[in-house]
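An overview of the molecular structure
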Amino acid sequence: MKKLTGVTLGILTAIGAFVDLGDLVANAVIGARFGWSLVWVLVLGVVGISIFAEMSGRVAAITGSATFDLVRERLGPRLALGNLLASFAVTFFTLIAQVAGVALALELVTGVRYVFFLPLTGLAVWLVIWQVRFQRMEQVFGLLGLVLVVFAVAAWKLGPDWSQLWQETTRPTVPKGEGVPTYWYYAIALFGAALTPYEVFFYSSGAVQERWTRDDLKTNRITVLVGFPLGGLLSLSIMTTAAIVFRPAGFMVSELAHVAFPVFLALGKVGLAVVIIGFFIATFGASLETALSSGYMVAQYFGWPWRNDRPLAAARFHTLVSIRSLSSPSLWPSRLG
Amino acid sequence: MAVTVGLTTLDPIKVAEFSLVFFVVALPLTYLPILVVANDPSYMGVLVNSQILKPYGGALLLDVSPEHAMNLSELLGLEVVDFDGRKIGKVREVRLVHDGVRRSVPGVGFKVQGFIVGKWTIGARLGYDQTGMKSPWMVAAIARWFMRRSVWIPWEGVGNVEGDHIALRVRKATLGPPADVRDGEAPHHE
């Protein structure tokens, strides 16, 4: 059972790395515009995050220190504060985007404008963090996140040209009609998304919260080797579906709904329903991950208690996370008009 | 920040992409410490399961084998029995000394100097018995009152650390109150 919870921690973390709102759309955009010529970046990203997540998990298991403990300890208060501000900003923007992503998924289901769902989403994220035990949360969202495998099924069904896929992956060139700077912009964005710092904050803090010890080092390795490559595979599948469906037509992907379209083509209404559920799970999971991560980094920097699921036992941590999750929807008022 | 985001009227997807700018700062500052610590044998090896005593106190733990390293917290609260088998009290406070060598790894280079045994914890923890420690006189007086029967046990006086108690190889009469022990000076004797 403990092994299972470890692996779901890896899957939930990997969702933030490869299939949160920004990634979902970015993967489809990349597939539609660049085909498979950026797959090498994805591979690099999977390898990179796997190496560092494994390390952060190992350090957490052996020393009981989460990543921001190390940052604070090793960089000293001033440099670590720089990291804290930058990382806090990253998670800030990512969180408000994810909350909107959840609302966008609901918009796809109901047809009601997503702005309507924003406050509810913020409230729901807060409630889950406040009420649900960390392990339960991680198991539920980690396992449900697996529904995104529907992209792999769709990609398979659409039948990519494997030789072309292999050719573009192994001998990447900038496609005609695309500028070199644009190519590199997406390369860096893809790599950056894979290695966003909040993932290791979340992963290592989760390991500490679950009280990993030396005995869990194997779990750590399995978790990393299952979670992140799976995330990478989902990324690749989204790219592939978009490359097959949108690239020949020269269609520009710009919305979440576009990302779901190839799956609808391949698997019909059932596929579409599963994708939308997948969007919901992925963005909600990423909301939890970013909201908690921002709490973890601040608490670890300042030395507040944070290991406890009970809000009273880690009052400052939970207050911060509550403010973050509840205020996240309020940042979109101008979209009302 | 909230207002800025509101005014830009960016759509969520743009915001998600925009956030990537900050990762440039955060990324090296996050992964470097992980890399350094994960590759630091003194950190990963020495502080395994916070076995503070293992390399330092461990060498001094007379009859305790290095395999049986202890946490400092395990030492606290143990009953102390002298050479004649008389109970002296419980370990209230453990004093560590640093070897003076500056290292990049915090928490390394300490060894156990000795501990304070007595009835109360409060007085010893304040550390007012140590030289040069300034203290409000009233608090100090209260601390002194709480510590009036406490004794200082130098690490050299420890014979054996057993499961639930510490056996000394000295007699109670040779032990003194915990005073002025900071610079490794011998404590006063009664």
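Residues numbered from 1 in each chain as written. Chains lettered and ligands numbered in written order. Predicted model: local features only at pLDDT ≥ 70, side-chain atom pairs only at ≥ 80, totals over all residues. Heavy atoms only, no water.

This next bit is on the nonpolar core. If you look at the biggest cluster of nonpolar residues, it comprises 115 residues, and the most contacted ones within it are A:Phe18, A:Leu38, A:Phe151 and A:Phe279. Among all residues touching A:Phe279, those that are not within four sequence positions of it are A:Leu24, A:Ala105, A:Leu108, A:Leu148, A:Phe151, A:Leu256, A:Val259 and A:Ala260. (Core = buried A, V, L, I, M, F, W, Y, C linked by side-chain atoms within 4.5 Å. Buried < 20%, exposed > 50% of the residue type's maximum accessible area, 1.4 Å probe, protein only. Contact = heavy atoms within 4.5 Å.)

Residues and elements named next belong to chain B. By the bridge criterion, three bridges tie strand β1 (residues 79-81) to strand β2 (residues 87-98) in an arrangement that is antiparallel. Counterpart to Val80 in the pairing with β2 is Gly89. Hairpin remark: β1 followed by β2, antiparallel, with five residues in the connecting loop; positive phi at Gly85, about 90 degrees. (Pairing = 2+ DSSP bridges. Helix = DSSP H or I, 4+ residues; strand = E, 2+ residues; numbered from the N terminus.)

Within a regular strand, side chains alternate between the sheet's two faces. Residues and elements named next belong to chain B. Pairing analysis gives three bridges linking strand β5 (residues 158-161) to strand β6 (residues 165-168), with the strands arranged antiparallel. In the sheet register, Asn160 faces β6, and the bridge partner there is Ala167. Count of turn residues in the β5/β6 antiparallel hairpin: three residues.

The subject of this paragraph is the pattern of salt bridges. Residue and element names in this part refer to chain A. By the definition in use, this model includes eight salt bridges over all chains. Between Glu54 and Arg58 there is a salt bridge whose closest N-O contact spans 3.2 Å. One end of the pair is Glu54 and the other is Arg58, both in helix α3 (residues 39-63) and four residues apart, which spans about a single turn. Glu54 sits in the buried class, given a relative accessible area of 13%. (Salt bridge = Lys/Arg side-chain N within 4 Å of Asp/Glu carboxyl O.)

Attention shifts here to empty space enclosed by the protein. Across all of its chains, the model carries four cavities of 30 Å³ or more by this definition. Roughly 90 Å³ of volume is contained in the second largest cavity. Here the residues of the lining of the second largest cavity sort into seven nonpolar, three polar and one charged. (1 Å grid on protein atoms, 1.4 Å probe; cavity = no way out; pocket = protein on both sides within 12 Å on 5 of 7 lines; lining within 4 Å. Points joined across faces, edges and corners; volume = space filled by probe spheres on them. Nonpolar A, V, L, I, M, F, W, Y, C, P; charged D, E, K, R; others polar.)

Moving on to unusual backbone geometry. In the Ramachandran plot, A:Arg211 falls in the positive-phi region, its phi being about 55 degrees despite a non-glycine side chain. Position of A:Arg211 relative to the elements: it lies in the loop between α10 (197-209) and α11 (217-245).

Here we take up the packing of helix α7 (residues 150-158) of chain A against α11(A). All names here are of chain A. Look at α7 against α11: their axes get within 8 Å of each other, and the N-to-C directions meet at 35 degrees. Relative to α11, the crossing made by α7 is left-handed. Taken together, the residues of α11 that come into contact with α7 (itself represented by Phe151, Ala152, Ala154, Ala155 and Leu158) are Ser237, Ile238, Thr240, Thr241, Ile244 and Val245. A class-by-class count of the residues in the contact of α7 with α11 yields eight nonpolar, three polar and no charged. (Axes fitted to C-alpha atoms, helices over the stretch in contact; angles between N-to-C directions. Left-handed = near helix turned anticlockwise from the far one by under 90°.)

The geometry of an aromatic ring pair comes down to the distance between the two centres and the angle between the two planes. Residues and elements named next belong to chain A. Using the criterion set out here, one finds 25 aromatic pairs over all chains in the structure. Both rings, one in Phe92 and one in Phe93, keep their centres 5.3 Å apart while their planes meet at 80 degrees; by these two values the pair is edge-to-face. Residue class for Phe92 comes out buried when judged on its relative accessible area of 14%. A residue is classified by how much of its surface remains accessible, and Phe93, at 5% relative accessible area, is buried. These aromatic residues form a ring-pair network of at least three members: Phe34, Trp40, Tyr183, Trp184, Tyr185 and Tyr186. (Phe/Tyr/Trp six-rings, centres within 6.5 Å; stacked < 30°, edge-to-face > 60°.)

Okay, the sheet that holds β1(B) next. Two orientations exist for strands paired in a sheet by backbone hydrogen bonds: parallel and antiparallel. Residue and element names in this part refer to chain B. Spatially, β4-β3-β2-β1-β6-β5 is the arrangement adopted by the six strands of the open sheet, whose pairing is mixed. Edge positions in the sheet fall to β4 (151-154) and β5, since each has one partner strand and no second. Mean inter-strand twist for the sheet, computed between neighbouring axes without regard to direction, equals 35 degrees. Across three bridges, β1 lies against β6 in parallel orientation. Residue pairing for β6: Val81 is matched across the bridge by Ala167.

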